[in-house]
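These are the residues of each chain, in order.
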Amino acid sequence: MLRASLLYLSEQPRVFSFVRGSRLAWYVASRFVAGETLDAAVPKVRDLNGRGITASLDLLGESVTAAAEARTAAATVVQMLDRIVAERLDCNVSVKLTQMGLDLDAGLCAENLRRILDRARDVGSFVRIDMESSAHTERTLGLFEGELFPVYRDRVGIVIQSYLRRSAADIERLAALGARVRLCKGAYKEPEAVAFPRKADVNRSYAELMEVLLQRGNYPALATHDPALIARARRFAEASGIAASRFEFQMLYGIRRDLQEELKRAGYNVRVYVPFGTHWYPYFMRRLAERPANVAFILGNVLKESVRR
Ligand code: FDA
């Protein structure tokens, strides 16, 4: 119920206008968001690299409503790639297709992606295409498999969500193709017809898809903070003779830093997704929805503030 309400609110831009002015909201959001500017995010990436952890920088923003906005976002991602090279960071980038104009014009979106991928190829980097709600899954996979992967191969990767009923078939196809896949559980509000409503089914699906990727995938990225799934991945890889260098674990900035370091110490590759930018509201709300304790934390702080007054 709380998850559904928070995910509903994440899609309400008017609430963002209200929240953006709140110091408390930014205080809590800054646990998950590396700053509002690239200058603020770069030191966070450097700090991760200093601890042997790689990163994926993400310019926050989604569902743009004007072509100019999409072109500006693409130009910023190109600048991010240049900055990563200039600062010698061990870091790639993640992008969302609705930020690149997918809902406005598929041709514009593809053109923006090609601009980014051309630069990624020039500088030897990698671009991960995040997966958004199921309204975009087919178009995202269509662009990836039809236009981007055939040209850019190892420079571009995709994301699959274990909560979607369709994902087993998608994983089989992508593994056969040799495409690089990040596997996550999925963060959007979805109808039962397309996504498993029960957490146990989402986790079971994750475990099954993860094993396919570990056995047959191209350097899969296991994106989760779930200790049971991480332990299962480690056991499976060890029992199947899959070297730790053949896959990576991924986590979100600000979540389970202890686990990130523990995995790194145990010899695994770990990458942290580092979002930054002014459009942090929907991302922040999805993080709240994942863990009701985060909401309790905010309410506790609001209460403390009001008692102090
Ligand atoms: P789960 O939600 O079961 O959480 C397991 C444990 O992790 C919790 O018990 C808690 O300890 C900790 N935890 C998880 N979320 C937390 C939070 N917000 N605050 C504090 N603790 C938390 N989704 C998507 O739809 N498309 C995408 O492209 C991506 N990309 C992506 C990249 C990376 C690197 C990660 C790690 C995740 C994504 N996601 C995503 C988000 C993903 O789908 C999912 O919503 C979150 O990772 C939470 O799910 P877990 O697998 O961590 O399990």
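The structure presented is a predicted model; accordingly, all values stated were derived computationally and were not measured.

Student: Help me understand the overall build of the chain in this model?
Tutor: When helices and strands are counted, the chain shows 13 helices and eight strands. In summary, the chain has a C-alpha radius of gyration of 19 Å against a globular reference of 19 Å for 309 residues, a match within 12%. In terms of overall dimensions, the chain has C-alpha extents of about 60 × 45 × 45 Å along its principal axes. Taking all 309 residues of the chain together, the buried fraction comes to 51%.

Student: What exactly am I supposed to notice about the domain arrangement of the chain here?
Tutor: Often, the extent of an interface is quoted as the loss of accessible area upon association of its parts. For the chain, the domain assignment lists domain 1 (1-33 + 277-309) and domain 2 (44-274). Once you take the C-alpha centre of each, domain 1 and domain 2 turn out to be 24 Å apart. Across the contact, 16 residues belong to domain 1 and 14 residues belong to domain 2. The junction of domain 1 with domain 2 conceals about 1,300 Å² of combined surface from both sides, 58% of it contributed by carbon and sulfur atoms. On inspection of domain 1 and its partner domain 2, the count reaches one salt bridge. At the boundary of domain 1 and domain 2, one finds two residue pairs in polar contact (both at pLDDT 80 or more). When residues of the side of domain 1 that touches domain 2 are traced back to their parent elements, those giving at least two are helix H1 (2-10) and helix H12 (281-290). The element that contributes the greatest number of residues to the side of domain 1 that touches domain 2 is H12, accounting for five residues. A per-class count over the side of domain 1 that touches domain 2 returns eight nonpolar, three polar and five charged.

Student: Please explain the site of the ligand as it appears in this structure.
Tutor: In the neighbourhood of the ligand, 26 residues make up the surrounding shell, with Lys-185, Gly-186, Thr-224, His-225 and Glu-290 lying closest. Met-131 is positioned with one of its backbone polar atoms (N or O) 2.8 Å from a nitrogen atom of the ligand. In the model, an oxygen atom of the ligand is placed 2.7 Å from a nitrogen or oxygen of the His-225 side chain. In the complex, 89% of the free accessible area of the ligand, which totals 920 Å², lies under the protein chains. For the ligand, the cavity whose grid points lie within 2 Å of the majority of its atoms is the largest pocket. The dominant element in the shell around the ligand, judged by the number of residues it contributes, is strand E7 (residues 248-252), at three residues. Looking at the shell around the ligand residue by residue, the class counts come to 11 nonpolar, six polar and nine charged. Counting only domains with at least three residues in the shell around the ligand, you end up with domain 1 (1-33 + 277-309) and domain 2 (44-274).

Student: Is there a simple way to explain the sheet that holds strand E6 (residues 221-223) in this structure?
Tutor: Within a beta sheet, neighbouring strands are joined by backbone hydrogen bonds and run either parallel or antiparallel to one another. Around the barrel, eight strands lie side by side as E1-E2-E3-E4-E5-E6-E7-E8; this closed barrel has parallel pairing. Strand-to-strand twist in this sheet, taken as the mean axis angle between neighbours without regard to direction, amounts to 30°. In this sheet, strand E8 (residues 269-276) lies alongside E7 in parallel orientation, the contact comprising five bridges. Looking across to E8, one finds that Met-251 is bridged to Val-272.

Student: Is there a simple way to think about the packing of helix H5 (residues 67-86) against helix H6 (residues 106-123) in this case?
Tutor: When two helices pack together, you describe them by how their axes are tilted relative to each other and by the distance separating the axes. As a packed pair, H5 and H6 sit with axes 10 Å apart at the nearest point and diverge in direction by 10°. Here H6 runs roughly parallel to H5, going by the angle between their axes. Within the contact between the two elements, H5 uses Ala-67, Ala-70, Arg-71, Ala-74, Ala-75, Val-77, Val-78, Leu-81, Asp-82 and Val-85 and H6 uses Leu-108, Glu-111, Asn-112, Arg-115, Ile-116, Arg-119, Ala-120 and Val-123. Taken together, the residues that form the contact of H5 with H6 break down as 12 nonpolar, one polar and five charged.

Student: Which parts of the structure should I look at to understand the nonpolar core?
Tutor: As a rule of thumb, nonpolar side chains are buried together in soluble globular proteins. Counting 75 residues, the largest nonpolar core has Leu-57, Met-100, Leu-113, Ile-116, Ile-129 and Val-274 as its most contacted members. With 21 residues, the next largest nonpolar core counts Leu-7, Ala-29, Phe-32 and Ala-289 among its residues.

Student: Which parts of the structure should I look at to understand the packing of H1 against H12?
Tutor: One can describe the packing of H1 onto H12 by two numbers: an axis separation of 8 Å at closest approach and a directional angle of 180°. Considering the angle they form, H1 stands roughly antiparallel to H12. Residues Arg-3, Leu-6, Leu-7, Leu-9 and Ser-10 of H1 touch H12, and the partners they reach there are Tyr-281, Pro-282, Met-285, Arg-286, Leu-288 and Ala-289. When grouped by side-chain class, the residues that make up the contact of H1 with H12 number eight nonpolar, one polar and two charged.

Student: Looking at this structure, how should I read the pairing of E8?
Tutor: For a regular strand, side chains alternate in direction, first toward one face of the sheet and then toward the other. With seven of its eight residues buried, E8 lies for the most part within the structure. Taken together, the six bridges between strand E1 (residues 54-59) and E8 define a ladder with parallel strand orientation. By the bridge assignment for E8, Thr-54 is matched with Arg-271.

Student: Would you explain the pairing of E1 in this entry?
Tutor: Where burial is concerned, most of E1 is hidden: six out of the six residues are buried. Side-chain alternation along E1 places Thr-54, Ser-56 and Asp-58 on one buried face and Ala-55, Leu-57 and Leu-59 on a second face that is also buried. Pairing geometry for E1 and strand E2 (residues 91-95), over four bridges, is parallel. Paired with Leu-57 across the bridge in E2 is Val-93. Taken together, E1, H5 and E2 constitute a β-α-β crossover, and its handedness is right-handed.

Reading the values: the criteria
Chains are numbered independently. Their residues run from 1 in the order of the written sequence. pLDDT decides what is reported in this predicted model: residues at 70 or higher carry local features, side-chain atom pairs at 80 or more are listed and counted, and totals for whole chains, interfaces and linings draw on all residues regardless. Only hydrogens and water are set aside when side-chain values are computed; all heavy atoms of the structure are taken into account. Numbering of helices and strands runs from the N terminus; a helix is a DSSP stretch of H or I covering at least four residues, while a strand is a stretch of E covering at least two. It is over C-alpha atoms that the radius of gyration is taken, and the globule rule equals 2.2 Å times the number of residues to the power 0.38. The rule is simple: take the accessible area with a 1.4 Å probe, protein chains only, and divide by the maximum for that residue type; under 20% is buried, over 50% is exposed, in between is partly exposed. Domain boundaries shown here were taken from an automatic or database domain assignment. Whether two residues touch is decided by their heavy atoms; if any such pair falls within 4.5 Å, the residues are in contact. Once two parts are brought into contact, the accessible area they lose, counted with a 1.4 Å probe and summed over both, makes up the buried area. Only one rule defines a salt bridge in this text: a Lys or Arg side-chain nitrogen within 4 Å of an Asp or Glu carboxyl oxygen. Any pair of N or O atoms that falls within 3.5 Å is considered a polar contact. Within protein, one atom must be able to donate a hydrogen and the other to accept it, and sequence-neighbouring residues count only if both atoms are side-chain atoms. Here the term charged refers only to Asp, Glu, Lys and Arg, the term nonpolar to Ala, Val, Leu, Ile, Met, Phe, Trp, Tyr, Cys and Pro, and the term polar to all other amino acids, Gly among them. The rule for a residue being near a molecule or strand is that one of its heavy atoms must lie within 4 Å of it. Accessibility throughout is a Shrake-Rupley quantity obtained with a 1.4 Å probe, and a residue counts as covered only by protein chains that appear here. The definitions used throughout rest on a 1 Å grid laid over the protein atoms alone, on which a cavity is an enclosed set of points accommodating a 1.4 Å probe that cannot get out and a pocket is an open set flanked by protein within 12 Å on both sides along at least five of seven lines; lining residues are those having an atom within 4 Å of a point. Molecules are considered to sit inside a cavity or pocket once more than half of their atoms lie within 2 Å of its grid points. Between any two strands, at least two bridges found by DSSP are needed for them to pair. In this analysis, axes come from line fits to C-alpha atoms, helices being fitted only over the stretch in contact, and the angle between any two N-to-C directions falls in the range 0 to 180 degrees. By the definition adopted for this analysis, an angle is roughly parallel if under 35 degrees, roughly antiparallel if over 145, roughly perpendicular if from 65 to 115, and oblique otherwise. What is meant by a nonpolar core is a set of buried Ala, Val, Leu, Ile, Met, Phe, Trp, Tyr and Cys residues, joined one to another through side-chain atoms within 4.5 Å. Handedness of a crossover is defined as follows: orient the strands so they point away from the viewer, and if the path from the first strand over the helix to the second runs clockwise, the crossover is right-handed.

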